[in-house]
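# A closer look at the structure
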Amino acid sequence: MEQTTNQKKVILSGIQPTGVFTLGNYLGAIRNWVVLQEEYRCAYMIADLHSITVRQEPAKLRQQILSAFATLLACGIDPEKSLVFIQSQVPQHAELSWVLSCYTQFGELSRMTQFKDKSAKHADNVNAGLFTYPALMAADILLYQADLVPVGVDQKQHLELTRDVAVRFNNAYSDTFTLPEPYIPKVGAKIMSLADPTKKMSKSDENPNGFVTILDGPDVIIRKFKRAVTDSDTRVCYAEGKDGINNLMTIYSVVTGKTLDEVEREFEGKGYGDFKLAVGEAVSDHLRPVREEHKRLLADKAYLEQVYSEGARRAQQIAQRTLSKVYRKVGFVPVK
Ligand code: ATP
Ligand code: LTN
């Protein structure tokens with residue numbers, strides 16, 4: 001992550017510890033994080049500050065943060081290659097977020113579809129944090145001067161707002177922030193719910209049949225795929241109006257590395273039942289090593305503590321450089 005000694009591009013991304021990561025999180029985001037760490041200077045974080053925009057139970061949240069951190073490592077994020085940390089352990093995120101919220105307009109925040117969706121879903125708790133959430137996400141990204149942000153397609157709008165805020169700040173003062181670009185996979189950028197394939201698969205869905213988690217065992221995975229909502233046709237082919245099958249084909253294609261055409265040919269003359277079973281088995285096999293490694297890591301508390309503490313210290317150093325610059329430009333007086 002050292003900016004002065006290394007010219008590689010910088011990547012930052014985050015994931016909320018609102019539940020066990022789904023196959024959607026994995027195929028849309030984390031899978032890419034692992035690949036990118038070979039070529040870029042990467043920083044990945046557990047976005048726990050974001051997660052309290054929706055009510056969380058303290059003991060459960062604490063466990064979910066640790067489990068989420070272990071999941072990232074189990075998926076192949078290597079702390080020797082990437083900076084991995086927990087957002088709330090790096091106070092600069094909250095500090096820069098305040099400054100950026102003063103450069104973000106009410107009208108801009110009102111247009112965010114995630115805000116509209118989540119405020120409709122949690123109508124009894126439309127809090128200010130849920131509304132200003134994109135300013136915190138902008139702070140996450142801009143603190144590290146990220147060039148690229150690997151996310152699923154649902155985060156594109158937040159990325160655009162981050163760029164707008166960065167440009168506004170740079171124009172008001174002088175060049176301060178790198179303008180980040182989204183990095184969205186061509187296939188798998190939006191995995192749909194298995195129970196309602198017109199909706200995004202989401203880890204906080206109240207219907208557990210809608211999602212498969214990275215840690216589900218083979219039986220659960222296969223059962224959920226068997227039950228996946230499809231259509232009344234019988235042909236396994238990618239076509240308009242076949243949201244359920246399109247989604248299953250996308251998932252199968254990503255986990256097996258086969259193209260959609262190859263998948264179509266493989267299941268020619270076979271029914272949906274065979275196809276669903278094959279998808280379930282392929283996903284379960286693909287996730288088995290992650291599941292096993294997660295179990296091992298979660299039992300090694302001392303190792304996890306050491307990795308996240310070291311991550312927090314390094315992240316604080318990098319983040320503080322940007323924050324100090326921002327405070328100076330805005331006109332704040334430093335401690336002497
Ligand atoms: P929540 O249900 O709490 O809103 P989520 O499942 O939508 O959570 P996030 O933590 O908000 O997940 O997202 C983490 C990353 O996973 C983001 O980059 C997001 O774009 C990506 N992502 C989330 N859901 C999907 C999906 N269904 N398909 C592809 N990518 C996804
Ligand atoms: N907002 C994202 C999670 C997130 C994030 C980030 C993603 C928080 N901070 C910074 C990329 C970069 C979400 O809800 N999926």
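Structural notes, computed from the coordinates. (Residues numbered from 1 in each chain as written. Chains lettered and ligands numbered in written order. Predicted model: local features only at pLDDT ≥ 70, side-chain atom pairs only at ≥ 80, totals over all residues. Heavy atoms only, no water.)

### Examining the overall build of the protein
Check the secondary structure of the protein and you find 13 helices and five strands. Computed over C-alpha atoms, the radius of gyration of the protein comes to 21 Å, within 12% of the 20 Å expected from 2.2 N^0.38 for 336 residues, which places it in the range of a compact globule. Overall, the C-alpha framework of the protein stretches about 75 × 45 × 40 Å when taken along its three principal axes. Sequence-distant contacts in the protein: of pairs separated by 6 or more residues, those separated by 24 or more amount to 75%. (Helix = DSSP H or I, 4+ residues; strand = E, 2+ residues; numbered from the N terminus. Rg over C-alpha atoms; globule rule 2.2 N^0.38 Å. Contact = heavy atoms within 4.5 Å.)

### As for empty space enclosed by the protein
As enumerated under the stated definition, the model contains two cavities of 30 Å³ or more in all. Each pocket or cavity is described by its volume, and for the largest cavity that value is around 50 Å³. Looking at the largest cavity, the residues that line it are Met-112, Gln-114, Phe-115, Leu-130, Phe-131, Tyr-133, Pro-134 and His-158. Among the elements of the structure, helix 6 (113-121) and helix 7 (128-143) are those that each provide at least two residues to the lining of the largest cavity. It is helix 7 that provides the largest number of residues to the lining of the largest cavity, a total of four residues. Each residue belonging to the lining of the largest cavity can be placed in one class, and the counts come to six nonpolar, two polar and no charged. Of the volumes computed, that of the second largest cavity is approximately 40 Å³. Looking at the second largest cavity, the residues that line it are Ser-193, Leu-194, Pro-197, Ala-228, Val-229, Gly-244, Asn-247 and Leu-248. (1 Å grid on protein atoms, 1.4 Å probe; cavity = no way out; pocket = protein on both sides within 12 Å on 5 of 7 lines; lining within 4 Å. Points joined across faces, edges and corners; volume = space filled by probe spheres on them. Nonpolar A, V, L, I, M, F, W, Y, C, P; charged D, E, K, R; others polar.)

### What about unusual backbone geometry?
Although it is not a glycine, Gln-145 sits at a positive phi angle of roughly 55°. Residue Gln-145 is classed as buried on the basis of its relative accessible area of 9%. (Buried < 20%, exposed > 50% of the residue type's maximum accessible area, 1.4 Å probe, protein only.)

### Observations regarding the site of ligand 2
In the vicinity of ligand 2 there are 15 residues, among which Gln-16, Tyr-133, Met-137, Asp-140 and Gln-155 approach most closely. Contacts to ligand 2 include Tyr-133, whose side-chain N or O atom sits 2.4 Å from an oxygen atom. Between a nitrogen atom of ligand 2 and a side-chain N or O atom of Asp-140, the distance comes to 2.7 Å. Here ligand 2 has 360 Å² of accessible area as a free molecule, and 91% of this is covered by the chains. Applying the majority rule of atoms within 2 Å of the grid points places ligand 2 in the largest pocket. Contributing elements (two or more residues each) for the shell around ligand 2: strand 1 (10-15) and helix 7. Top element by residues in the shell around ligand 2 is helix 7. It accounts for four residues. When its residues are assigned to classes, the shell around ligand 2 shows eight nonpolar, six polar and one charged. (Near = heavy atom within 4 Å. Polar contact = N/O pair within 3.5 Å; in protein donor to acceptor, adjacent residues only side chain to side chain. Areas by Shrake-Rupley, 256 points an atom, 1.4 Å probe, with all protein chains shown as cover. Sits in = over half its atoms within 2 Å of the grid points.)

### What to know about the nonpolar core
Counting 58 residues, the largest nonpolar core has Leu-72, Phe-225, Phe-275 and Val-283 as the members making the most contacts within it. Ignoring anything within four residues of it in the chain, the contact list for Val-283 reads Leu-23, Val-212, Ile-221, Phe-225, Ile-251 and Val-255. (Core = buried A, V, L, I, M, F, W, Y, C linked by side-chain atoms within 4.5 Å.)

### Comments concerning the packing of helix 10 (residues 243-256) against helix 12 (residues 272-298)
Between two packed helices, what matters for the description is the angle formed by their axes and the separation of those axes. Two elements in contact, helix 10 and helix 12, have axes whose closest approach is 9 Å; the angle formed by their N-to-C orientations is 40°. Considering their axes alone, helix 10 and helix 12 lie oblique with respect to each other. Along this stretch, helix 10 crosses helix 12, giving a crossing that reads as left-handed. When helix 10 is examined against helix 12, the residues Ile-245, Leu-248, Met-249, Ile-251, Tyr-252, Val-255 and Thr-256 are found in contact with a partner set consisting of Tyr-272, Phe-275, Lys-276, Ala-278, Val-279, Ala-282, Val-283 and His-286. Grouping the amino acids of the contact of helix 10 with helix 12 by side-chain chemistry returns 12 nonpolar, two polar and one charged. (Axes fitted to C-alpha atoms, helices over the stretch in contact; angles between N-to-C directions. Parallel < 35°, antiparallel > 145°, perpendicular 65-115°, else oblique. Left-handed = near helix turned anticlockwise from the far one by under 90°.)

### Some remarks on helix 6
Among the residues of helix 6, those classed as buried are Gln-114, Phe-115 and Ser-119. Burial along helix 6 is one-sided: seen end-on, the buried residues are contained in an arc of 120°. Turned more than 90 degrees from where helix 6 packs its buried face, Asp-117 and Ala-120 sit exposed. Buried residues along helix 6 sit in contact with helix 5 (106-110), helix 7 and helix 8 (156-172). (Arc of directions from axis to C-beta.)

### A look at the site of ligand 1
Taken together, 21 residues lie around ligand 1, and Lys-118, Asp-154, Lys-200, Ser-202 and Ser-204 are the ones closest in. Thr-18 has a polar side-chain atom sitting 2.8 Å from an oxygen atom of ligand 1. Between ligand 1 and the protein, one listed contact pairs an oxygen atom with a side-chain N or O atom of Asn-25 at 3.1 Å. In isolation ligand 1 exposes 600 Å². Once the protein is present, 97% of that is buried. A majority-of-atoms criterion places ligand 1 in the largest pocket.

### Quick word on helix 3 (residues 58-75)
Taking 1.5 Å per residue as the helical rise, helix 3 with its 18 residues ought to reach 26 Å, and the 25 Å between its terminal C-alpha atoms agrees with that figure. All of the buried residues in helix 3 are Leu-61, Gln-64, Ile-65, Ser-67, Ala-68, Phe-69, Ala-70, Thr-71, Leu-72, Leu-73, Ala-74 and Cys-75. Where helix 3 ends, the next residue or the one after it, Gly-76, has phi of about 115°, a positive value. (Expected span 1.5 Å × (residues − 1).)

### Considerations on the layout of surface pockets
In this model, the largest pocket occupies a volume close to 1100 Å³. If you go around the largest pocket, you meet 45 residues; those closest to its centre are Gln-114, Asp-154, Gln-155, Lys-200 and Ser-202. The set of elements that each furnish at least two residues to the lining of the largest pocket consists of strand 1, helix 1 (23-36), helix 6, helix 7 and strand 4 (148-150). Taken together, the residues that form the lining of the largest pocket break down as 16 nonpolar, 18 polar and 11 charged. The calculated volume of the second largest pocket comes to roughly 260 Å³. If you go around the second largest pocket, the residues you meet are Leu-49, His-50, Ile-52, Thr-53, Ala-94, Ser-97, Trp-98, Ser-101, Gly-129, Thr-132, Tyr-133 and Leu-136. If you list the elements that add at least two residues to the lining of the second largest pocket, you get helix 2 (48-51), helix 4 (92-101) and helix 7. For the lining of the second largest pocket, a count of residues per class yields six nonpolar, six polar and no charged.

Limitation: the analysis is restricted to geometry and does not speak to function.
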